[in-house]
Amino acid sequence: ETGVTQTPRHLVMGMTNKKSLKCEQHLGHNAMYWYKQSAKKPLELMFVYNFKEQTENNSVPSRFSPECPNSSHLFLHLHTLQPEDSALYLCASSQDSGRLSSYEQYFGPGTRLTVT
Amino acid sequence: QKEVEQNSGPLSVPEGAIASLNCTYSDRGSQSFFWYRQYSGKSPELIMSIYSNGDKEDGRFTAQLNKASQYVSLLIRDSQPSDSATYLCAVWSYGQNFVFGPGTRLSVLP
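One structure accompanies this document, and this report is about it.

About the cut-offs
- Residues numbered from 1 in each chain as written.
- Chains lettered and ligands numbered in written order.
- Predicted model: local features only at pLDDT ≥ 70, side-chain atom pairs only at ≥ 80, totals over all residues.
- Heavy atoms only, no water.
- Contact = heavy atoms within 4.5 Å.
- Buried area = accessible area lost by both parts, 1.4 Å probe.
- Salt bridge = Lys/Arg side-chain N within 4 Å of Asp/Glu carboxyl O.
- Polar contact = N/O pair within 3.5 Å; in protein donor to acceptor, adjacent residues only side chain to side chain.
- Helix = DSSP H or I, 4+ residues; strand = E, 2+ residues; numbered from the N terminus.
- Buried < 20%, exposed > 50% of the residue type's maximum accessible area, 1.4 Å probe, protein only.
- Lys, Arg positive; Asp, Glu negative; His and termini not counted.
- Pairing = 2+ DSSP bridges.
- Axes fitted to C-alpha atoms, helices over the stretch in contact; angles between N-to-C directions.
- Core = buried A, V, L, I, M, F, W, Y, C linked by side-chain atoms within 4.5 Å.
- Phe/Tyr/Trp six-rings, centres within 6.5 Å; stacked < 30°, edge-to-face > 60°.
- Lys NZ or Arg CZ within 6 Å of the ring centre and 35° of its normal.

This part takes up the interface of chain A and chain B. The interface of chain A with chain B comprises 19 residues on the first partner and 19 residues on the second. Carbon and sulfur atoms make up 59% of the area that chain A and chain B hide from each other, which totals about 1,600 Å². Joining chain A to chain B, the criterion identifies zero salt bridges. The interface formed by chain A and chain B holds five residue pairs in polar contact (both at pLDDT 80 or more) in total.

This is the structure:
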């Protein structure tokens, strides 16, 4: 596997379900990100992890819970979601070594989430 | 909240023409600027990055940055139908992290 992978690619869940999204990067990067992309809205940065430490949480509701066990893996745990949470969830990674060029982000294919 | 603005389009250009995509940003402390291309149903793909004032060329793509005017643009020369996509402008700054614009939809007509 190369680049950034995400599973599952599609997910349909009820409002009372608990599910997890998985992201894995094979680029040797130090930072990983979760984004939400809804129709007709800009990409919204949700969480940032740098060297496994969460460095940003953009006022995301607690029904979204991230986990980063190491620099290569990132999870997004979902529980009691709302229909308005239906969106494309994108994972990205970057080198984040301090040089400006190291902030180039590479995205995974995304998980299309539908909450019923 | 820092903002990144783009015309939503659609921007239509004939095949072979130059497509010009524009982006403005509100945070004067922004340091890194990126252009992503996103095909319908796909994830964003990095096509250009620029960090200092002036032009940066890569193949048919040229990024232009003017920090004084808080403006960054992307020119696509010899536009092809395969360039039809949404182009996202992203801005990075310390403390603000990444902010994306809403994207400009480009349509290249054969």
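All names here are of chain A. Residue placement: Lys 36 occurs in strand β4 (residues 31-37). Buried within the structure, Lys 36 lacks any salt-bridge partner; its nearest side chain of opposite charge belongs to Asp 85, at an N-O separation of 4.2 Å. Of the polar contacts made by the side chain of Lys 36, one reaches the backbone oxygen of Glu 84; its length is 3.4 Å. Once residues lying within four places of it in the same chain are set aside, the contact partners of Lys 36 are Pro 42, Leu 43, Glu 44, Met 46, Glu 84, Asp 85, Ala 87, Leu 88 and Tyr 89.

The next thing to look at is the sheet that holds strand β8 (residues 73-79) of chain A. Strand pairing in a sheet relies on backbone hydrogen bonds. The paired strands run either parallel or antiparallel. Residues and elements named next belong to chain A. Ordered by their spatial adjacency, four strands build an open sheet running β1-β3-β8-β7, and the pairing between neighbours is antiparallel. The sheet is open, and its two borders are formed by β1 (4-7) and β7 (64-70), each paired with just one other strand. Each strand of the sheet is rotated relative to its neighbour by a mean of 20°, with strand direction disregarded. Where β7 and β8 come together, five bridges link them in antiparallel fashion. When the bridges of β8 are listed, Phe 64 appears paired with Leu 78.

What follows covers the pattern of salt bridges. Per the counting criterion, the structure on display carries five salt bridges over all chains. For Glu44(A), the salt bridge identified is with Lys41(A), shortest N-O distance 3.6 Å. On the accessibility criterion, Glu44(A) (30% relative accessible area) is partly exposed. Residue Glu45(B) pairs with Arg37(B) through a salt bridge whose shortest N-O separation is 3.1 Å.

On to the nonpolar core, then. Core analysis: the biggest nonpolar cluster contains 24 residues, and Trp35(B), Val72(B), Leu74(B), Ile76(B) and Tyr87(B) have the highest contact counts within it. In contact with Tyr87(B), other than residues within four places in its own chain, are Gln6(B), Leu21(B), Trp35(B), Tyr36(B), Arg37(B), Ile47(B), Leu74(B), Ile76(B), Gly103(B), Thr104(B) and Leu106(B). By size, the runner-up hydrophobic cluster in this structure holds 22 residues, among which are Met13(A), Phe47(A), Tyr49(A) and Leu76(A).

Next up on the list: the packing of aromatic side chains. This structure, assessed with the given rule, holds 12 aromatic pairs over all chains. Pairing Tyr36(B) with Phe100(B) gives two aromatic rings, centres 5.6 Å apart and planes at 45°, and the pair type is tilted. In this pair, Tyr36(B) sits in strand β4 (residues 32-38) while Phe100(B) sits in strand β10 (residues 97-100), placing the two residues 64 residues apart along the sequence. With respect to burial, Tyr36(B) and Phe100(B) carry one shared label: buried. Through a chain of ring-to-ring contacts, the aromatic side chains of Tyr33(A), Tyr35(A), Phe107(A), Phe34(B), Tyr36(B), Tyr51(B), Phe98(B) and Phe100(B) assemble into a single cluster. The residue whose ring lies beneath Arg60(B) is Phe61(B), and the NZ or CZ to ring-centre distance is 5.6 Å.

Taken in spatial order, the five strands of this open sheet run β1-β3-β8-β7-β6 (chain B), and their pairing is antiparallel. Whereas interior strands pair on both sides, the edge strands pair on one side only; in this sheet they are β1 (4-5) and β6 (54-58) of chain B.

Attention now moves to the pairing of strand β11 (residues 111-115) of chain A. One face of the sheet, then the other: side chains in a regular strand alternate in exactly this way. All names here are of chain A. On β11, burial follows the alternation: Thr 111, Leu 113 and Val 115 on one face are buried, whereas Arg 112 and Thr 114 on the facing-out side are not. Sheet topology note: the strand β2 (residues 10-13)/β11 ladder contains four bridges and is parallel. The residue of β11 that forms the bridge with Leu 11 is Leu 113. Where strand β9 (residues 87-94) lies against β11, three bridges are found, and the strand directions are antiparallel.

Residues and elements named next belong to chain A. Along the chain, Pro 69 turns up in strand β7. A relative accessible area of 38% places Pro 69 in the partly exposed class. Through-space distance from the C-alpha of Pro 69 to that of Leu 88 is 23 Å; in sequence the pair is 19 residues apart. Excluding its chain neighbours within four sequence positions, the residues that come into contact with Pro 69 are Lys 52 and Phe 75.

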